[in-house]
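# Coordinate analysis (summary)
Listed here are the chains, written in short residue letters.
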Amino acid sequence: MTPGNGGDAPRVVEAGLRSFVCAYERYVEDPFRLGQLVAVREGPWSILGCVVDTESGPEDPGRPLQAPGGSLTAAEVFAENPHIRPLLRTRVTVVACGYIEGEGAFALLPPAPPPLLARVEGATAAETVRATGDGAFLALLVASALCDDAVLAAVLRGAATAHGAAAGEFTVRAGKELARLLKAEPARLSSILRGVTA
């Protein structure tokens, strides 16, 4: 199973133009990765976003998870207590970084938020290349308070992989775009670029 599948796809449970939250129906060990591009393909356009945070915990915050004692691993605890997993939920926070409508890919906020309960899936390599090719998608991410340096470095590493043989050219274009966006923040630019090459 590829990371981010987690079995069934998560669904949008909070929707906004700039960001949205999706939740798996239960706790999963392999949710979407930090910086992974994801897509909501329901509606007149496909909304693309970047994973900025993942958290897991009890579905009901009023009933905190009680850690068992002993030397069992997490997998052993779940195996011995199958009733626990349905009480937990994994939630993923995503920042919008563009949308695809017809043949056009736009590094803009989508015209409307994603539909509530829409499926969220990993973006395909083709979608990633279309959305990230010129580096313009970075403006929305840099502008978001939810995107720190680690997120930006992770999304650039993932996008470079999707570009395959053209990864070097993409990385140069994206680096130039970052330099333009962060010209007043050279320390942040250096931090992100170090993360890209890590």
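Okay, so let's go over this structure. (Residues numbered from 1 in each chain as written. Predicted model: local features only at pLDDT ≥ 70, side-chain atom pairs only at ≥ 80, totals over all residues. Heavy atoms only, no water.)

## A word on helix 6 (residues 186–197)
Along an α-helix, residues three or four positions apart point the same way, because every turn accommodates 3.6 residues. Helix length check: helix 6, at 12 residues, gives a terminal C-alpha distance of 17 Å against a target of 16 Å (1.5 Å per residue), a fit within 8%. Against helix 3 (138–143), helix 4 (149–162) and helix 5 (167–181) lie the buried residues of helix 6. (Helix = DSSP H or I, 4+ residues; strand = E, 2+ residues; numbered from the N terminus. Expected span 1.5 Å × (residues − 1). Contact = heavy atoms within 4.5 Å.)

## Some words on the packing of aromatic side chains
Aromatic ring pairs are described here by two measures, namely the spacing of the ring centres and the angle between the planes. Under the criterion given, the structure shown has four aromatic pairs. Relative to F32, the ring of Y24 has its centre 6.1 Å away and its plane inclined at 45°; by these criteria the two rings are tilted. Of the residues examined, F32 reaches a relative accessible area of 3% and is grouped as buried. Clustering of aromatic rings is evident, with ring pairs tying together W45, Y99 and F106. R85 extends its terminal NZ or CZ atom over the ring of F78, reaching a point 4.3 Å from the ring centre. (Phe/Tyr/Trp six-rings, centres within 6.5 Å; stacked < 30°, edge-to-face > 60°. Buried < 20%, exposed > 50% of the residue type's maximum accessible area, 1.4 Å probe, protein only. Lys NZ or Arg CZ within 6 Å of the ring centre and 35° of its normal.)

## As for the pattern of salt bridges
What the rule picks out here adds up to nine salt bridges. Between R180 and E177 there is a salt bridge whose closest N-O contact spans 2.7 Å. On the criterion of helical spacing, the pair formed by R180 and E177 is a turn pair, its members being three residues apart in helix 5. Residue E177 is classed as buried on the basis of its relative accessible area of 14%. (Salt bridge = Lys/Arg side-chain N within 4 Å of Asp/Glu carboxyl O.)

## Quick look at the packing of helix 4 against helix 5
Contact geometry for helix 4 and helix 5: axes closest at 8 Å, N-to-C directions at 150°. By the angle between their axes, helix 4 is roughly antiparallel relative to helix 5. Crossing angle aside, the handedness with which helix 4 passes helix 5 is right-handed. Packed against helix 4, whose contacting residues are L156, A159 and A160, the element helix 5 presents A167, F170, T171, A174 and L178 at the interface. Per-class residue counts for the contact of helix 4 with helix 5 are seven nonpolar, one polar and no charged. (Axes fitted to C-alpha atoms, helices over the stretch in contact; angles between N-to-C directions. Parallel < 35°, antiparallel > 145°, perpendicular 65-115°, else oblique. Left-handed = near helix turned anticlockwise from the far one by under 90°. Nonpolar A, V, L, I, M, F, W, Y, C, P; charged D, E, K, R; others polar.)

## Comments concerning the side chain of R188
You can see R188 is positioned in helix 6. For R188, a relative accessible area of 16% gives the class buried. Within polar-contact distance, the side chain of R188 engages the side chain of D149 at 2.7 Å. In this structure, R188 is in contact with V142, C147, D148, D149, L152 and L182, ignoring residues within four places of it in sequence. (Polar contact = N/O pair within 3.5 Å; in protein donor to acceptor, adjacent residues only side chain to side chain.)

## Some details on the nonpolar core
Counting 30 residues, the largest nonpolar core has F137, L141, L156 and L178 as its most contacted members. Secondary-structure elements contributing two or more residues to this core are strand 3 (37–40), strand 4 (46–58), strand 5 (88–101), helix 3, helix 4, helix 5 and helix 6. The leading source of residues in this core is helix 4, at seven residues. Each residue touching L156, except ones within four places of it in the same chain, is listed here: F137, L138, F170, A174, L178, I192 and V196. Counting residues in each nonpolar core, the second largest holds 16 residues, with C22, F32, V38 and A118 among its members. (Core = buried A, V, L, I, M, F, W, Y, C linked by side-chain atoms within 4.5 Å.)

## Observations regarding the pairing of strand 2 (residues 19–23)
A large share of strand 2 lies buried, amounting to four of its five residues. Relative to strand 2, strand 1 (residues 11–15) runs antiparallel, the two being bridged by four bridges. Following the sheet pairing, R11 is matched in strand 2 by A23. Counted between consecutive antiparallel strands, the loop separating strand 1 from strand 2 contains three residues. Judged from the five bridges that link them, strand 2 and strand 5 form a sheet pairing that is antiparallel. By the bridge assignment for strand 5, C22 is matched with V92. (Pairing = 2+ DSSP bridges.)

## Some thoughts on the packing of helix 4 against helix 6
Look at helix 4 against helix 6: their axes get within 8 Å of each other, and the N-to-C directions meet at 45°. Our classification of the angle between helix 4 and helix 6 gives oblique. Once helix 4 is placed against helix 6, the crossing between them reads as right-handed. On the side of helix 4, the interface is formed by D149, L152, A153, L156 and R157, while helix 6 contributes R188, S191, I192, G195 and V196. Its residues assigned to classes, the contact of helix 4 with helix 6 comprises five nonpolar, two polar and three charged.

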